Amino acid sequence: MGRFFRKGQVFTIPNLISLFRLLLIPVILWAFLKKQDRTLTIVLLAVSAVSDILDGQIARKFHMVSDLGKALDPIADKLTQLSMVICLSAVYPLMRLLLVLCVVRELCMGIFGLLVIRKNNAVHSANWYGKLSTVVLHGTVIVLLLFPNLPKQVCDGLIIACVICVTGSLTLYMRYFLSVLLPGQAPEETDSEHPGDSPHNTP
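For the structure given in this document, a descriptive report is provided here. (Residues numbered from 1 in each chain as written. Predicted model: local features only at pLDDT ≥ 70, side-chain atom pairs only at ≥ 80, totals over all residues. Heavy atoms only, no water.)

So, about the overall build of the protein chain. Each helix and strand in the protein chain was counted, giving 6 helices and 2 strands. When its helices and strands are written in sequence order, the protein chain yields α-α-α-α-β-α-α-β. Put simply, the protein chain has 203 residues, and 39% of those count as buried. A fraction of 79% describes how many contacts in the protein chain between residues 6 or more apart in sequence connect residues 24 or more apart. (Helix = DSSP H or I, 4+ residues; strand = E, 2+ residues; numbered from the N terminus. Buried < 20%, exposed > 50% of the residue type's maximum accessible area, 1.4 Å probe, protein only. Contact = heavy atoms within 4.5 Å.)

On the surface, Phe11, Leu16, Leu19 and Leu23 cluster together into a nonpolar patch covering about 460 Å² of accessible area. Summarising the element assignment, leucine 23 is placed in helix 1 (residues 13–34). Residue class for leucine 23 comes out exposed when judged on its relative accessible area of 57%. (Patch = residues over 30% accessible without salt bridge, like charges linked within 9 Å, V, L, I, M, F, W, Y side chains within 5 Å. Areas by Shrake-Rupley, 256 points an atom, 1.4 Å probe, with all protein chains shown as cover. Salt bridge = Lys/Arg side-chain N within 4 Å of Asp/Glu carboxyl O.)

A separate point is the packing of aromatic side chains. Enumeration over the complete set of coordinates arrives at 5 aromatic pairs. Between tyrosine 173 and phenylalanine 177, the ring centres sit 6.3 Å apart and the planes meet at 20°, which makes this aromatic pair stacked. Highlighted residues: tyrosine 173 and phenylalanine 177, both in helix 6 (residues 152–181), separated by 4 residues, approximately one helical turn. On the accessibility criterion, phenylalanine 177 (1% relative accessible area) is buried. Taken together, a centroid distance of 5.5 Å and an interplanar angle of 55° make the contact between tyrosine 176 and phenylalanine 177 tilted. Through a chain of ring-to-ring contacts, the aromatic side chains of Phe112, Trp128, Tyr129, Tyr173, Tyr176 and Phe177 assemble into a single cluster. (Phe/Tyr/Trp six-rings, centres within 6.5 Å; stacked < 30°, edge-to-face > 60°.)

The next subject is helix 2 (residues 38–61). Helix length check: helix 2, at 24 residues, gives a terminal C-alpha distance of 35 Å against a target of 34 Å (1.5 Å per residue), a fit within 8%. For helix 2, the set of buried residues is Thr41, Leu44, Leu45, Ser48, Ser51, Asp52, Asp55, Gly56, Ile58 and Ala59. Against the buried residues of helix 2 lie helix 1, helix 3 (67–89) and helix 5 (128–146). Two or three places before threonine 39, at the opening of helix 2, aspartate 37 has a side-chain oxygen 3.1 Å from that residue's backbone nitrogen. (Expected span 1.5 Å × (residues − 1). Polar contact = N/O pair within 3.5 Å; in protein donor to acceptor, adjacent residues only side chain to side chain.)

Now the structure itself:
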């Protein structure tokens, strides 16, 4: 744990931005669930997204990449994503299935990802199917937020597409993890990086 808190690597601008994004999450939940203000929710999400972009750019340009930042940034991404699925679950019942799938996927990714790091000393990068499921999920969230009066069939169709993508990405990731961890199994082709080589804000 000491390497996460080395002097000069904690209170950096990128880390503070990631912390700011984490603090925005309860505000986003409050804006949607309590205040029921979609406009404010969209503004807060836009602020979080812009902060995320600045976070990575500052970290790379000013050489402020840190181990703590590499941990905080994806945590902020995932929790912001989950917070929006939670919000929309209050309006679209089918979203609750997607919420369960997202939680299961992140738990599996975290546990098996750590096991792969321990075995190979390499960090698994997002594959095309992980990126695709993220794009579909974000696109669905944006559409449902911006157009609350869409027909139910359209909303359900978008959510089902997300469910399929998340399930598919989880299945393919688990196939990869098991191919690495189980003896005698040849690992599938995938992108990986050695710890410390990845930028602060990798997908």
